[in-house]
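Spelled out, the chains give:
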Amino acid sequence: MKKTRKKFAVLLLWGIFLALVFGIVFLSFQDGVEAKELSNRFILQLVQKINPQSNMTDMELQELTYDIRQGGRVWAFLLLGMIGTMTVHLSFPKCSWCAKTGITALILVAIAFFTEKLKIYIPTRHYSYEEMTVSISAVMLGFSTVSLVILAVGALKDFFRSVTAEHS
């Protein structure tokens with residue numbers, strides 16, 4: 001029963017991880033004009049729903065849209081780092097922590113790097129070193145958080161096993 005639950009959890013994590021990757025890729029590779037129009041319309045409707053009397057200038061709308069998109073980027077890549085790290089660590093329990101951590105870091109940084117770098121091939125989009133740095137930083141923060149928690153839990157388990165073995 002426990003093995004079935006773990007297998008289900010691993011499959012669920014892979015599903016969430018792949019959905020996050022596909023969602024990020026989809027949003028990253030949209031046409032620039034189309035993406036901007038869609039987000040501006042969404043933000044404007046949201047603001048009008050919250051405060052019907054507000055009249056936003058175009059500049060305020062652009063600034064708010066930019067802030068929300070950047071915040072969304074940070075949260076998406078933070079989640080990607082956390083879910084990706086949990087997925088790899090649970091999927092390969094017999095591999096060493098160092099191997100799993102190294103491979104995970106390479107995969108996550110590659111995803112963050114290429115989703116920004118490949119924008120140079122989309123006519124109305126542009127590559128932004130700043131946005132790539134934000135993406136990589138967020139994915140590595142999520143990765144580091146989960147990796148350190150997994151390492152600490154493993155160390156505590158080993159410590160309590162050794163204490164219990166000494167008292168036996």
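Please read all numbers here as calculations on a predicted model, not as lab measurements.

Draft legend 1. Fine view of helix 5 (residues 129–167). In this model helix 5 runs 56 Å from its N-terminal to its C-terminal C-alpha over 39 residues, within 8% of the 57 Å that 1.5 Å per residue would give. Along helix 5, the positions that sit buried rather than exposed are E131, M132, S135, A138, V139, G142, F143, V146 and S147. Summarising the contacts, the buried residues of helix 5 are in contact with helix 3 (58–91) and helix 4 (97–117).

Draft legend 2. Representation of the pattern of salt bridges in the model. Throughout the structure, instances matching the rule amount to 5 salt bridges. Between R73 and E131 there is a salt bridge, with its nearest N and O atoms 2.8 Å apart. In this pair, R73 sits in helix 3 while E131 sits in helix 5, placing the two residues 58 residues apart along the sequence. Each member of the pair, R73 together with E131, is buried. With a shortest N-O distance of 3.9 Å, E131 and K119 are connected by a salt bridge. One end of the pair, E131, is in helix 5; the other, K119, is in the loop between helix 4 and helix 5, with 12 residues separating them in the sequence. For the residue pair E131 and K119, the accessibility class agrees, reading buried in each case. Counted as one network, the salt bridges with shared partners bring together R73, E116, K119 and E131.

Draft legend 3. Structural detail: the environment of M59. Position of M59 relative to the elements: it lies in helix 3. On the basis of relative accessibility, which here comes to 56%, the residue M59 falls in the exposed class. Between the alpha carbons of M59 and H167 there is a distance of 69 Å; along the sequence they are 108 residues apart.

Cut-offs used in this document
- Residues numbered from 1 in each chain as written.
- Predicted model: local features only at pLDDT ≥ 70, side-chain atom pairs only at ≥ 80, totals over all residues.
- Heavy atoms only, no water.
- Helix = DSSP H or I, 4+ residues; strand = E, 2+ residues; numbered from the N terminus.
- Expected span 1.5 Å × (residues − 1).
- Buried < 20%, exposed > 50% of the residue type's maximum accessible area, 1.4 Å probe, protein only.
- Contact = heavy atoms within 4.5 Å.
- Salt bridge = Lys/Arg side-chain N within 4 Å of Asp/Glu carboxyl O.

Interpretation in functional terms is not warranted from these geometric data alone.
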